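# Descriptive analysis of the structure
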Amino acid sequence: MKNKRDLLLLFKHDYVNQRSLDLELERLYELLYDIHSYEKSLVQAYEVIDMNRYKMLHKPHQILKVMNRGDLKPFIFLSAKN
């Protein structure tokens, strides 16, 4: 387990042994790592062209902000770098 996080796990059973708990945590860490690495690679592959301000956005948090907005405002374009 390279990345330590605070996770709250709820089980239906009263008794859970340590081995099954460790296995479940490993699976959750792998799942969360895949999700975060997917966002990171997606942000690296795109850039935002804002024709309203005549700017190109390259910073990851700015690109994620535009992507999470849902609909793009007029003259704001999401462009692939390839």
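Residues numbered from 1 in each chain as written. Predicted model: local features only at pLDDT ≥ 70, side-chain atom pairs only at ≥ 80, totals over all residues. Heavy atoms only, no water.

Across its 28 residues, helix α1 (residues 18-45) extends 41 Å between first and last C-alpha, which sits within 8% of the 40 Å expected from 1.5 Å per residue. Where α1 is buried, its residues touch β1 (46-50) and α2 (60-68). (Helix = DSSP H or I, 4+ residues; strand = E, 2+ residues; numbered from the N terminus. Expected span 1.5 Å × (residues − 1). Contact = heavy atoms within 4.5 Å.)

One open sheet holds the three strands; their spatial order is β2-β1-β3, and the pairing between them is antiparallel. Unpaired on one side and paired on the other, β2 (55-57) and β3 (76-80) mark the two borders of the sheet. For this sheet, the mean angle separating the axes of adjacent strands, direction not counted, is 25°. Here β1 runs beside β3; their pairing, made up of five bridges, is antiparallel. Bridging from a neighbouring strand, Asp 50 pairs with Ile 76 of β3. The strands touched by α1 are β1 and β3; relative to β1, the strand with the most contacts, the crossing angle is about 50°. Contacts from α2 reach β1, β2 and β3, with the element oriented near 75° to β1. (Pairing = 2+ DSSP bridges. Axes fitted to C-alpha atoms, helices over the stretch in contact; angles between N-to-C directions.)

Geometric values such as these leave the question of function open.
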